Amino acid sequence: MPPRRVQNYDDYGTAVQQIILSTSDAEFLDQLIPVLKDATATNRSNALTQNLTQYADDREGDIERIGLTKHEEFLSSVNQLQDVRERTVALTAEILKLNQSIQASTEKLAEQKQALVDTRAVRENISEVSDALKESLKILHAVNNSHDLIRKKKYYGALKSLDDLENEFLIPTIQNKYATQHRLAYIIQKSIPASQKIISEAVMTDLNTWLFRIRETSQFLGEVAFYHTNMRRTRQRERIEIDESLSQFKLNSAIELVFDESEEYDVLDNEELQVDFTPLFEALHIHEALGQIDKFRAEYAATRRRQKELLLPSSISLEADNESSLSSLLEGIAGFAIIEKATMRRAPQLRTAIDVEELWDSMCSTAIALTSKALSDIGNAEVILKLKTMIALFIQTMEGWGYSVSRLDEFLVDLFDKYAELLKRRFSEDFQEIVSTDDYMPMAINSMEEYEKVVNVSWFSQDKDIEDLTNFLNQFYFFSDDHFQHPNKIDETLRKSLDELLTEKVCQSLIERLSSQYLGQIVQILINLEHFETACQELEQLLIQARSSASAGGPLTLAATEQFRSHKKTAEKRIFELVNSKIDDLVETAEYDWMAAQPTVEPSNYMQTLTRYLSNIMNSTLLGLPREIKELIYFDALSHASSMILALPLSPDVKKINPNGVAALAMDVQHLTDFVDGLENGFMLRSNLDELEQTIQLMQSENTDEFFDISTRNKKYGRVDALNGPILLEKLTQQISTSGQAAQRFANFSSNLSSRFGTK
């Protein structure tokens, strides 16, 4: 809206008239503001003030003029009003006198009427009091009836009676404020919450008594449930004996449950035990009616949590058969959990699945923790197996009630690890005991009892069938009976345990004893290594046959098999070392007179001792070895003996050899060859002495020049070393011939050998 243009006034008289004639304050201001602005802008505010003052003086003059012209009329009116007032006062006095007269005449009538009214009121009051007393008696009777029902423990009836009392009598009476029994109804209504509290407390008292009895019977309930599960186990085994195809169906499977339908059994209601849930249902119903279901649910949950804590001990004994044992703990937990599950099914509004599972998880965690703690004191594998049987029965029982048993199944794995550790430790200790008392000589078995004792800690086998030759293996699979969801764990742990035992305990113990200087011990160790290699191969087949169907197929190899196989070579090498060392000691005792004046008539003592030693070890010490190993030892021993004997005349200390010295050596070699010929497979062993025999023949030959003829040498002396032959002939030729021709032939032959073999 465009701003109002300011109007310039020459004379403010007109402006004042317009301002005074304004019909409203807003219009008055709208007229006044432009005039003020104009007067201020033109410095004519005095003129505006004079016009306003003039207007005011004019109006006062008009008022004075009017007052002077109407004065008589005004005074006349005042006089008239004064007369009217005097007559009014007189009339009022007369009215008051008349009223007093009428009041006096009616007082007597009023008294009579009041007496009649009072009489009627008394009669009505008596009637009302009578009616009120009757109604009050009804109310009091209803109240007494409610309390009588409470005393009779008919809590719901008492609650219903109070509810009817309130709805039929109290509320209508209280709503009618003029009712005679209003006060009584109000007082009784105020007492109803107290009565309801009495009912609630009485119900809770009965419920707590019921809960106490339930807690006391929890263990027995668990025992009954375990017995029932065990009977189902028995029936399932009997079915499997009849039809092996049923073995794939475990306890609590659909097939097993169908087969067992005819054997209905209620662990909560049977000849030995009856659990009545009536107090619980009554308490639940009462609190629902009172609108206190949330409070009741919270109190009940808190009570059950406290009872759960009382059920769980601070520690248990895994070997004792008393209240602190694992079986008692599991029975108590089972009974408690069965009550919880039954309560949830019967009253889902009281116990939810989350509440029940929370308590179950807590009890399982505590049971696992207590058992784990007590396991540290257990050193007997049979105790662990007994514990597993109890826990498996517990798992199968609670699984049938719909509880999650995954944590318990995981704990069985830990229990199996402990079981496997104890088995391995026991076997290791048994073996260590055998090792510490074993002299590694052949063991004599004098009775069947001794034989069975040996095979229980070994894998010794013969063609005869001996039951339970693999006791260690079988005990592992005992753990999978009844319930164990991890068969692959058994297969793998058994394989690893066997490998560790055989490698670290058995094989390593045998290898450590190889440092012995007694040949008989080394031979027995070699026999043991051979036996364990075979046993490992048999165990591999047994493990394949015994492993579960869930395990992967294919071959199974024990690392110990290769360990025993490889260390057989170590033992064989050690036998070679001992035999060759003995041969070295005997040969070192040889005392040849290479320049003897007279020929010897019998073999040397060292040679006779050597052949006796070889014969003795073959017929005693090496008797238990496999034939091929014995032949290999003999082969190596004869080869070594031949080399050592041949080294005697080649010694730098021997400068000259005469025919008598050669004859003495030849006689000893002949004694040795005769001994070898008398051995089984002597023909094959004789080849080890070919070099020695041909060397003796060369040294005894009348025509030694044949050795320097290559064609002749290959035929007659092919096994004689090309370097050793000339050395021995040189020692002989120095004794037999000093001709320059023989020396020249030797020099030429040596030169040829040097150029051929790179020697000087």
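Note that the coordinates shown come from a computational prediction; the quantities given were computed from them, not determined experimentally.

### Details of the overall build of the protein chain
The helix and strand inventory of the protein chain stands at 26 helices and zero strands. Across the 760 residues that make up the protein chain, the buried fraction comes to 39%. Look at the contacts in the protein chain between residues 6 or more apart in sequence, and 73% of them connect residues 24 or more apart.

### A look at the side chain of Thr 561
Note on placement: Thr 561 falls in helix α18 (residues 559-588). In contact with Thr 561, other than residues within four places in its own chain, are Glu 533, Cys 536, Gln 537 and Glu 540.

### Quick notes on empty space enclosed by the protein
The tally for this structure, following the rule as stated, stands at three cavities of 30 Å³ or more. Considered as a void within the structure, the largest cavity measures approximately 50 Å³ in volume. What lines the largest cavity is simply Leu 330, Ala 367, Ile 368, Thr 371, Ile 391, Phe 394, Leu 408 and Phe 411. Taken together, the elements giving at least two residues each to the lining of the largest cavity come down to α11 (353-375), α12 (381-400) and α13 (406-437). It is α11 that provides the largest number of residues to the lining of the largest cavity, a total of three residues. Classifying every residue of the lining of the largest cavity gives seven nonpolar, one polar and no charged.

### Quick look at the nonpolar core
Of all hydrophobic cores here, the largest spans 74 residues; its most connected members are Leu 502, Phe 564, Ile 575, Val 579 and Leu 614. Mapped onto this core, the elements with two or more residues apiece are α16 (487-512), α17 (519-546), α18, α19 (605-621), α20 (627-647), α21 (659-677), α23 (690-700) and α25 (724-736).

### As for the packing of helix α10 (residues 326-346) against α12
Running from N to C, α10 and α12 cross one another at 5°; their axes reach a closest spacing of 10 Å. Judged on the interaxial angle alone, α12 and α10 are roughly parallel. Where α10 approaches α12, its residues Leu 326, Ser 327, Leu 330, Ile 333, Ala 334, Ala 337 and Ile 338 are matched on the opposing element by Leu 387, Met 390, Ile 391, Phe 394 and Met 398. Residue composition of the contact of α10 with α12, grouped by class: eleven nonpolar, one polar and no charged.

### Describing the environment of Glu 631
With respect to the helices and strands, the residue Glu 631 is situated in helix α20. Along the sequence, Glu 631 and Met 618 sit 13 residues apart, while their C-alpha atoms lie 9.4 Å from each other. In contact with Glu 631, not counting residues within four places along its chain, are Asn 681 and Leu 685.

### Thoughts on the pattern of salt bridges
In the structure shown here, the tally under the stated rule is 19 salt bridges. In this structure, the salt-bridge partner of Arg 686 is Asp 677, at a minimum N-O distance of 2.8 Å. Exposure remark for Arg 686: the relative accessible area of 23% places this residue in the partly exposed category. One continuous salt-bridge network, built from bridges that share partners, spans Glu 530, Glu 533, Glu 562, Arg 565 and Lys 568.

### Regarding the packing of α10 against α11
Contact geometry for α10 and α11: axes closest at 10 Å, N-to-C directions at 175°. The angle between α10 and α11 falls in the class roughly antiparallel. For the pair α10 and α11, contact is made by Leu 326, Leu 329, Ile 333, Phe 336, Ala 337, Glu 340, Lys 341 and Met 344 and by Ala 353, Val 356, Glu 357, Leu 359, Trp 360, Met 363, Ala 367, Leu 370 and Thr 371, respectively. The residue makeup of the contact of α10 with α11, split by class, is 13 nonpolar, one polar and three charged.

About the cut-offs
Residues take numbers from 1 onward in each chain, read along the sequence in its written order. Only residues with pLDDT of at least 70 are given local features in this predicted model, and only at 80 or more are side-chain atom pairs given and counted; all residues enter the totals for whole chains, interfaces and linings. Only hydrogens and water are removed before side-chain values are computed, so all heavy atoms of the structure are retained for them. What counts as a helix is a DSSP run of H or I of at least four residues, what counts as a strand is a run of E of at least two, and both are numbered from the N terminus. The buried label goes to any residue with under 20% of its type's maximum accessible area, the exposed label to any with over 50%, and the partly exposed label to all in between, with areas taken from a 1.4 Å probe on protein chains only. Should any heavy atoms of two residues lie within 4.5 Å, those residues are considered in contact. Put plainly, a pocket is an open set of points on a 1 Å grid over the protein atoms alone with protein on both sides within 12 Å along at least five of seven lines, a cavity is a set where a 1.4 Å probe fits but cannot get out, and a lining residue has an atom within 4 Å of a point. Grid points are joined across faces, edges and corners, and a volume is the space filled by probe spheres set on the points. Note that Gly is not counted as nonpolar here; it falls among the polar residues with everything else outside the nonpolar set of Ala, Val, Leu, Ile, Met, Phe, Trp, Tyr, Cys and Pro and the charged set of Asp, Glu, Lys and Arg. Take the buried residues of types Ala, Val, Leu, Ile, Met, Phe, Trp, Tyr and Cys, join any two whose side-chain atoms come within 4.5 Å, and each joined set is a nonpolar core. All axes here are fitted lines through C-alpha atoms, helices being fitted over the stretch that makes contact, and every angle between N-to-C directions spans 0 to 180 degrees. Note on terminology: angles under 35 degrees are roughly parallel, angles over 145 are roughly antiparallel, angles of 65 to 115 are roughly perpendicular, and the others are oblique. Within this document, salt bridges are pairs made up of a side-chain nitrogen of Lys or Arg and a carboxyl oxygen of Asp or Glu, the two lying within 4 Å of each other.

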